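Reading the structure
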Amino acid sequence: MIWWLKTKSAPAVAAATLTAYVVAILVRQEAIPVPAVVGPSGQLLVTQILGILPVALLLHGIDRGDAFAEEVALRHAGRRNLALCLAFATLTIVLATTVHLIWVRPEAVSLARNCAGFLGCALIVRTLLGPGIAMISVAALPLACAAAGRRPGGSAQPWAWPIQDATSLLGISEAAFLFAAGCALVLWRNRPLLNPLAQTS
């Protein structure tokens, strides 16, 4: 099991997640300007994109090695990958709760929400189009939401959950739904339906 966790990059994912929360404590409300496609130009909080790195590492770990050989060697490869995703989500929630209780940082809550939502989106796209396009999609998602996901008054659109307030129940619900859907797909299928990037390489 220890060898399998190392193969799946679990130590690197845990280290990246801890680092993301340390950065969230330090930067707080620091933001980067994002030109708007629709509505007023807005900003993207640094804490709203910190979840991309640990999710990318986790996705890379899940897809490390030969998926066909893993299906043959491990009867429950999908269950093990699901356990890894659930452990990651649990870690983000525990860290967010701890940081928020000690330092009163709502940004830590939005970081946990975005980690879960990004992972869910990544797993959904991974099942359909492979891990390469999944990583690209997750990296582009918060930027797309910041560029086109604000109303004229500056508030986030209902669908733009990565940039919604940390206390938004709608944003938390959407991220939780995406995470649940992604986990169901990773349990159901280990190999993508299509993998255009693999076919062209």
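Our subject is the structure that appears above.
The notes below deal with the structure included here. Since the structure is predicted, the reported quantities are computational estimates derived from the model, not experimental observations.

1. Brief notes about the environment of L86
- Mapped onto the fold, L86 is located in helix 5 (residues 77–103).
- A C-alpha to C-alpha distance of 9.3 Å links L86 and A116, two positions 30 residues apart in sequence.
- The residues touching L86, leaving out its near neighbours within four places in the chain, are F179 and C183.

2. Let's talk about the packing of helix 6 (residues 106–129) against helix 7 (residues 131–148)
- Across the interface, helix 6 lies against helix 7 with an axial gap of 8 Å and an inter-helix angle of 145 degrees. By crossing handedness, the relation of helix 6 to helix 7 is classed as right-handed. For the pair formed by helix 6 and helix 7, the contact residues are F118, C121, A122, V125, R126 and L129 on the first element and P131, I133, A134, S137, V138, L141 and P142 on the second.
- In terms of residue class, the contact of helix 6 with helix 7 is built from 11 nonpolar, 1 polar and 1 charged.

3. Notes on the nonpolar core
- Of all hydrophobic cores here, the largest spans 41 residues; its most connected members are Y21 and L119.
- The set of elements that each furnish at least two residues to this core consists of helix 2 (10–27), helix 3 (52–62), helix 5, helix 6, helix 7 and helix 8 (169–188).
- Top element by residues in this core is helix 6. It accounts for 11 residues.
- In contact with Y21, not counting residues within four places along its chain, are T92, L95, A96, V99, A108, L111 and A112.
- Counting residues in hydrophobic clusters, the runner-up holds 8 residues, among them L44, C145, A156 and I163.

4. Section: the packing of helix 5 against helix 8
- Where helix 5 contacts helix 8, the axes come no closer than 8 Å and their chain directions differ by 155 degrees. By the angle between their axes, helix 5 is roughly antiparallel relative to helix 8. Of the residues in helix 8, those in contact with G78, R79, N81, L82, C85, L86 and A89 of helix 5 are F179, C183, V186 and L187.
- Counted by class, the contact of helix 5 with helix 8 contains 8 nonpolar, 2 polar and 1 charged residues.

5. A closer look at the pattern of salt bridges
- In this structure the tally under the stated criterion is 1 salt bridge.
- Here D63 makes a salt bridge to R126, at a shortest N to O gap of 2.9 Å. Of this pair, D63 sits in the loop between helix 3 and helix 4 (67–73) while R126 sits in helix 6, and the two are 63 residues apart along the sequence.
- Given the relative accessible area of 23%, D63 is considered partly exposed.

6. Describing the side chain of R150
- Summarising the element assignment, R150 is placed in the loop between helix 7 and helix 8.
- No salt bridge forms around the buried R150; measuring N to O, its nearest opposite-charge neighbour D165 is 7.0 Å away.
- At a separation of 3.0 Å, a polar atom in the side chain of R150 contacts the main-chain carbonyl oxygen of Q43.

7. Concerning the packing of aromatic side chains
- With the rule as written, the count across this model stands at 1 aromatic pair.
- Consider the rings of F118 and W161, whose centres lie 5.7 Å apart with planes at 50 degrees: the pair is tilted. With F118 in helix 6 and W161 in the loop between helix 7 and helix 8, the pair connects residues that are 43 residues apart, well separated along the chain. When sorted by exposure, F118 lands in the same class as W161, which is buried.
- Over the face of the ring belonging to W188 we find R189, whose NZ or CZ atom lies 5.9 Å from the ring centre.

8. So, the environment of A175
- In this fold, A175 is placed in helix 8.
- It is 6.3 Å that separates the C-alpha atoms of A175 and A116, two residues lying 59 residues apart in sequence.
- If we skip the residues at most four places from it in the chain, A175 touches R113, A116, G117 and W161.

Conventions adopted
Residues numbered from 1 in each chain as written. Predicted model: local features only at pLDDT ≥ 70, side-chain atom pairs only at ≥ 80, totals over all residues. Heavy atoms only, no water. Helix = DSSP H or I, 4+ residues; strand = E, 2+ residues; numbered from the N terminus. Contact = heavy atoms within 4.5 Å. Axes fitted to C-alpha atoms, helices over the stretch in contact; angles between N-to-C directions. Left-handed = near helix turned anticlockwise from the far one by under 90°. Nonpolar A, V, L, I, M, F, W, Y, C, P; charged D, E, K, R; others polar. Core = buried A, V, L, I, M, F, W, Y, C linked by side-chain atoms within 4.5 Å. Buried < 20%, exposed > 50% of the residue type's maximum accessible area, 1.4 Å probe, protein only. Parallel < 35°, antiparallel > 145°, perpendicular 65-115°, else oblique. Salt bridge = Lys/Arg side-chain N within 4 Å of Asp/Glu carboxyl O. Lys, Arg positive; Asp, Glu negative; His and termini not counted. Polar contact = N/O pair within 3.5 Å; in protein donor to acceptor, adjacent residues only side chain to side chain. Phe/Tyr/Trp six-rings, centres within 6.5 Å; stacked < 30°, edge-to-face > 60°. Lys NZ or Arg CZ within 6 Å of the ring centre and 35° of its normal.

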